[in-house]
Amino acid sequence: MRKLLSLILLAVSALAMQAQDTDFKIMGVVPQDVKEVVLVVNNDRNSTEKFDVTNGVFTLTGTKTLNDILSLYFGNYRISFFNDGTPIDVDFTTHTFSGSDMNKKLFDYDKEIDDKYAASISEIMAEAESLSKDESEAGAAKMQELEKKYDEITDAMAADQLKIIMENKDNLIPAIYISQVIYNLEYDELKDLLDSNAPYYNHPAMTIAKNQLAALEKRMTGKMFVDLTMNDTENNPRKLSEWCGKGNYVLIDFWASWCGPCRQEMPNVVENYKKYNSAGFEIVGISFDNKADAWKAAIDNLGMEWPQLSDLKAWKSEGASTYGITAIPANVLLDKDGKIIAIDLRGNNLGDKLKEIYGF
């Protein structure tokens, strides 16, 4: 009995220690043109606090929970630290740092990623912004090239971040990086990282990753499709089961007229539909629009000749909740029996998968 009581008291004490308030102090030097820094706690935008910068110098003080993730933003830059009670002194102009060993490790990781990728990403974003006003075919082709280059760079960056995660599964560092790579991971990969015995598993910042795992579980390969009833463009109620599980491969395509990446991806979807529809390939679109006119206009403008459904509830669409869709464009590919065999096929991946299926 005494041993059991002691264990209970130790557990309560540990929980109290994890939740205890801890003072933080971050002193920093930034470029002279920076006028303010923004503090966000545990990736929660509702926690945003702004601090003035005077002559390139700032000091942040306050009290947060022990081991909260304190993320600093200025310009296009972001860096994160753990609130472990050790004051932080960081100079972003000379890239020097003092603080706890854990936060020093984080600073070095961040600098490594920044040195490797930041300049290339900034260059692509600037070029994309200038091209956004170019509506010519040449401009569209250049934009597609930029998007491909951007995807290659961000995929490489995610691979490096995943390597950092794998090297630190015995400490809290993955709590910072997992949320940055979750959309690059398949269900099994993310599930492996969300080990309930891992020291970072119960960190508040892991909520996003846990939600993403639950979303991916709804459209795991091997599961049967879940039927939905929504109206078509003529306001007639239609069921997914009219097309799915009827002997053809079917792509359930989640999109919206207001979604820029969806519109950019649609020519690729249209091309594959035209190539494989005569072989039995079907697409059913589920739109996250909330305005019928915009939805219908986009269908015509983008040349989408396949069935389209929507409940016009935007992100509250039954399609989002049923299939765990947290970002669009997204899709689910079903086999002839209505079983999920792939998800989120974009760009060349869609054509490659269909070529694998149909042989041409």
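Here is a short report on the structure shown in this document.

Reading guide: rules and limits
- Position labels on residues start from 1 in each chain and follow its written sequence.
- Restriction of local features to residues with pLDDT of at least 70 applies here, the model being predicted, together with a cutoff of 80 or more for giving and counting side-chain atom pairs; totals for whole chains, interfaces and linings are based on all residues.
- Values shown for side chains rest on all heavy atoms present in the structure; no hydrogens or waters enter the calculation.
- Working definition: helices are DSSP H or I runs of at least four residues, strands are E runs of at least two. Numbering for both runs from the N terminus.
- For the exposure calls, accessible area comes from a 1.4 Å probe over protein chains only, and a residue counts as buried if that area is under 20% of its type's maximum, exposed if over 50%, partly exposed in between.
- Any pair of residues with heavy atoms lying within 4.5 Å of one another is described as a contacting pair.
- Note on areas: Shrake-Rupley with a 1.4 Å probe; residue coverage comes only from the protein chains shown.
- Positive charges are assigned to Lys and Arg, negative charges to Asp and Glu, while His and the chain termini are left out of the count.
- To locate a charge, the coordinates of NZ of Lys, CZ of Arg, CG of Asp or CD of Glu are taken.
- Whether two strands pair comes down to DSSP finding at least two bridges between them.
- To get an axis, fit a line to the C-alpha atoms, keeping to the stretch in contact for a helix; angles then go from 0 to 180 degrees between the N-to-C directions.
- Pairs of cysteine sulfur atoms within 2.5 Å are identified as disulfides in what follows.

**So, the overall build of the protein chain**
Then, number 1: Check the secondary structure of the protein chain and you find ten helices and 15 strands.
Then, number 2: Each principal axis of the C-alpha atoms in the protein chain carries an extent, and together these give about 65 × 65 × 40 Å.
Then, number 3: The proportion of buried residues among the 360 residues of the protein chain is 44%.
Then, number 4: Looking at the protein chain alone, contacts between residues at least 24 apart form 64% of all its contacts between residues at least 6 apart.
Then, number 5: Total accessible area on the protein chain stands at roughly 19400 Å², and carbon and sulfur atoms take up 49% of it.
Then, number 6: Positive and negative charge centroids in the protein chain, built from 38 and 56 side chains respectively, lie 4 Å apart.

**Topic: the sheet that holds strand β1 (residues 21-29)**
By way of backbone hydrogen bonds, the strands of a sheet pair with one another, either parallel or antiparallel.
Then, number 1: Strand order in this open sheet of four strands is β4-β1-β7-β8, and the pairing throughout is mixed. Strand pairing shows two members of the sheet lacking a second neighbour, β4 (57-65) and β8 (96-98), which therefore form its edges. Averaged over all pairs of adjacent strands, the angle between strand axes in this sheet comes to 15°, irrespective of strand direction.
Then, number 2: As paired strands, strand β7 (residues 88-91) and β8 are joined by three bridges and run antiparallel to one another. Residue pairing for β8: Val90 is matched across the bridge by Phe97.
Then, number 3: Packed onto the sheet, helix α2 (residues 101-131) meets β7 and β8 and runs at close to 160° relative to β8.

**Describing the state of the cysteines**
Simply put, the disulfide is a covalent bond whose two ends are the sulfur atoms of two cysteines.
Then, number 1: This model, assessed by the stated rule, comprises one disulfide.
Then, number 2: The residue that forms a disulfide with Cys259 is Cys262, at a sulfur-sulfur distance of 2.3 Å. Since a negative S-S torsion denotes a left-handed disulfide, the Cys259-Cys262 link at about 80° is right-handed. Assigned by exposure class, Cys259 and Cys262 land together as buried.
Then, number 3: Summary of cysteine pairing: Cys244 is not part of a disulfide, and the nearest cysteine sulfur, belonging to Cys262, is at 19 Å.

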